[in-house]
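Residues per chain, in single letters:
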Amino acid sequence: MTKKKRRALLCILAVPLLALAPRPEESLPASAAEPTATEKYVALTFDDGPWPETTEQLLDGLAERGAKATFFLIGEQLAGHEDTVRRMADEGHQVGNHTFTHMDLSRGDPAERLRELAATDETLRALLGDGDYWLRPPWGFLAPQTAAAVEVPMVYWSLDTEDWRRLDADAVAQDIIDHARDGDIILLHDPYATSVEAALRAIDALTPQGYRFVTLEELFRQKGVEPEPGKLYIRPDERKRIA
């Protein structure tokens, strides 16, 4: 067989194979080819409330997005905002203790520190009923003897947005979007309108990436960790040493 005839025969045989090859427009759509994203869980936590207007705006935004959060409340600010606190609980958010006057729990009279915690706990129980109202020490400061007397889990944070200092919704939102990781506990403050806006923007940006915004109790459940009373948690899988 001449070279010319051999080339002609190869061309004839190749035609059916080319017909069987998928054309670009017939390839699988990207959504079908990509694996489903694994869900990631984070807890947004808000200190120093409840506060007129901003806390209610935050609750509205969370409800629209189906997101949950945890609120660490100051006892002396509960009077006059009882309906807001009840709304938090009714809408599935977790409510916690942030002392009665935002007291530094590492200084002063040890008995007074415990009275601060008890006063807020009693006020919350009167509003919401019996329950374990987890504690966040103001500024994260805590004396060992006070920690030893606390009968609920205590919560620090793994991502500090410094929202109270920045007062910049763009910067705070971007900080959360850039640095949030599965299992994080994120620190925010609901008295600031910029913090409320930043939190809602972060939810909108991270939800399509598989993030779910849950209460602390739910976060610990999802991570398979049973929180212990008197222990200070940075994340469900990490505790902070109390010096």
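Residues numbered from 1 in each chain as written. Predicted model: local features only at pLDDT ≥ 70, side-chain atom pairs only at ≥ 80, totals over all residues. Heavy atoms only, no water.

Take the overall build of the protein next. Broken down by element type, the protein carries 10 helices and 9 strands. For the protein, contacts bridging at least 24 residues in sequence account for 75% of all contacts bridging at least 6. (Helix = DSSP H or I, 4+ residues; strand = E, 2+ residues; numbered from the N terminus. Contact = heavy atoms within 4.5 Å.)

With that settled, the discussion passes to the sheet that holds strand 4 (residues 154-155). Through backbone hydrogen bonds, the strands of a sheet pair up, either in parallel or in antiparallel fashion. In space, the 3 strands of this open sheet follow the order 4-8-9, with mixed pairing throughout. Among the strands making up the open sheet, the edge pair consists of strand 4 and strand 9 (238-239). Of the pairings in the sheet, the one linking strand 4 to strand 8 (residues 232-235) comprises 2 bridges and is parallel in character. Residue pairing across strands places Met154 opposite Leu232, the latter belonging to strand 8. (Pairing = 2+ DSSP bridges.)

A few words on the layout of surface pockets. Space inside the largest pocket adds up to approximately 290 Å³. In terms of lining residues, the largest pocket is bounded by 13 residues, among which Leu117, Asp121, Val150, Glu151 and Val152 are the most central. Along the lines of polarity and charge, the residues of the lining of the largest pocket split into 8 nonpolar, 1 polar and 4 charged. Within this model, the second largest pocket holds a volume of roughly 200 Å³. (1 Å grid on protein atoms, 1.4 Å probe; cavity = no way out; pocket = protein on both sides within 12 Å on 5 of 7 lines; lining within 4 Å. Points joined across faces, edges and corners; volume = space filled by probe spheres on them. Nonpolar A, V, L, I, M, F, W, Y, C, P; charged D, E, K, R; others polar.)

What follows is about the environment of Leu219. Here Leu219 shows up in helix 10 (residues 216-222). Its relative accessible area of 0% is what places Leu219 among the buried residues. As for Leu219 and Gly183, which are separated by 36 residues in sequence, their C-alpha atoms are 6.9 Å apart. (Buried < 20%, exposed > 50% of the residue type's maximum accessible area, 1.4 Å probe, protein only.)

Where a protein is soluble and globular, its nonpolar side chains tend to be buried together. Grouped together as the largest cluster of nonpolar side chains are 33 residues, with contacts concentrated most on Leu44 and Phe71. Look past the residues within four positions of Leu44 in its chain and what remains in contact with it is Ala69, Thr70, Ile186, Leu188, Ala199, Ile203, Phe213 and Val214. Of all hydrophobic cores here, the second largest spans 25 residues; its members include Trp134, Trp157, Leu216 and Leu219. (Core = buried A, V, L, I, M, F, W, Y, C linked by side-chain atoms within 4.5 Å.)

To continue, consider the pattern of salt bridges. Scanning all chains against the criterion turns up 22 salt bridges. Of the charged contacts in the structure, one is a salt bridge between Arg87 and Asp60, with a shortest N-O distance of 2.6 Å. Of this pair, Arg87 sits in helix 4 (residues 82-90) while Asp60 sits in helix 3 (residues 54-65); the two residues are 27 residues apart in sequence, bridging distant segments of the chain. Taking the relative accessible area as the measure of exposure, Arg87 reaches 17% and is therefore buried. For Asp60, a relative accessible area of 37% translates into the label partly exposed. Among the ionic pairs, Arg201 bridges to Glu197, the shortest N-O distance being 2.3 Å. Linking Arg201 with Glu197, this pair stays in helix 9 (residues 193-206), spanning 4 residues, or about one helical turn. Given the relative accessible area of 34%, Arg201 is considered partly exposed. One network of salt bridges, in which partners are shared, links Glu56, Asp60, Arg87 and Glu91. (Salt bridge = Lys/Arg side-chain N within 4 Å of Asp/Glu carboxyl O.)

Applying the stated criterion across every chain, the model contains 5 aromatic pairs. Summarising the aromatic geometry, the rings of Phe220 and Tyr233 are spaced 5.1 Å apart at their centres and angled 90 degrees between planes, so their arrangement reads as edge-to-face. You can see Phe220 sitting in helix 10 and its partner Tyr233 sitting in strand 8, a full 13 residues away along the chain. Since its relative accessible area comes to 1%, Phe220 is described here as buried. Tyr233 gets classed as buried once you look at its relative accessible area, which sits at 3%. Following the ring pairs from residue to residue traces out a cluster consisting of Trp134, Phe220 and Tyr233. Taking NZ or CZ as reference, Lys240 lies 4.6 Å from the ring centre of Tyr156, over its face. (Phe/Tyr/Trp six-rings, centres within 6.5 Å; stacked < 30°, edge-to-face > 60°. Lys NZ or Arg CZ within 6 Å of the ring centre and 35° of its normal.)

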